[in-house]
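Here is how the chains run, residue by residue.
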Amino acid sequence: MCFDPKYQLGGILLEKLKKNVNLEESDKRIIGKLHKIVSKNRKIPGELVEELSKATSKGFKAWEEARERKDFKIFQPFLEKIVELKRKEDLIFCFQIFH
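Residues numbered from 1 in each chain as written. Predicted model: local features only at pLDDT ≥ 70, side-chain atom pairs only at ≥ 80, totals over all residues. Heavy atoms only, no water.

Student: Help me understand the overall build of the chain, please; the structure alone is not making it clear to me.
Tutor: Across its full length, the chain carries four helices and zero strands. Each helix (α) and strand (β) of the chain, taken in turn from the N terminus, gives the series α-α-α-α. When the accessible surface of the chain is summed, it comes to about 7800 Å², and 59% of that surface belongs to carbon and sulfur atoms. (Helix = DSSP H or I, 4+ residues; strand = E, 2+ residues; numbered from the N terminus. Areas by Shrake-Rupley, 256 points an atom, 1.4 Å probe, with all protein chains shown as cover.)

Student: Would you explain the packing of aromatic side chains in this entry?
Tutor: Applying the stated criterion across every chain yields a total of two aromatic pairs. Aromatic side chains F72 and F75 sit 6.2 Å apart centroid to centroid with 75° between the ring planes, which places their arrangement in the edge-to-face category. Of the two residues, F72 and F75 both sit in helix α4 (residues 72-98), three residues apart, roughly one turn of that helix. Judged by relative accessible area, F72 falls into the partly exposed class, the value being 48%. (Phe/Tyr/Trp six-rings, centres within 6.5 Å; stacked < 30°, edge-to-face > 60°. Buried < 20%, exposed > 50% of the residue type's maximum accessible area, 1.4 Å probe, protein only.)

Student: Looking at this structure, I do not really get the environment of F93. What am I missing?
Tutor: Among the structural elements, F93 can be located in helix α4. With a relative accessible area of 29%, F93 lands in the partly exposed category.

Student: Sorry, what's going on with unusual backbone geometry here?
Tutor: Trans is the common state for peptide bonds, and a negative phi is the common state for residues other than glycine. Of note in the backbone geometry, K70 takes a positive phi value of approximately 55° without being a glycine. As for its placement among the helices and strands, K70 is situated in the loop between α3 (46-69) and α4.

Student: Any chance you could explain the environment of A55 here in plain terms?
Tutor: Mapped onto the elements of the fold, A55 is located in helix α3. Take A55: its relative accessible area is 10%, and that puts it in the buried class. Distance from A55 to F78, taken between C-alpha atoms, is 6.8 Å for residues 23 residues apart in sequence. When near neighbours in sequence (up to four residues on either side) are disregarded, A55 contacts K81, I82 and L85. (Contact = heavy atoms within 4.5 Å.)

This is the structure in structure tokens:
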């Protein structure tokens, strides 16, 4: 997994600038747009994206069945897997922001 330091630093600086109350509205809008660009350049590993996509797809099918049968236990393991993967994703984003 490789993170480009220029995006990490840029994201941190933009976050701090966004919180600056002394900026004019036009400056805040520009900073917001720049922050959005930097955020898009943060990457998560392709394996995690693929795994999350598969889990979500399978989970949706299980959710439909569970809803129809009114049995949450059908959906529960899929939900647990999705939550686990989303936590991994969050850890990656936290790592990018703070390191």
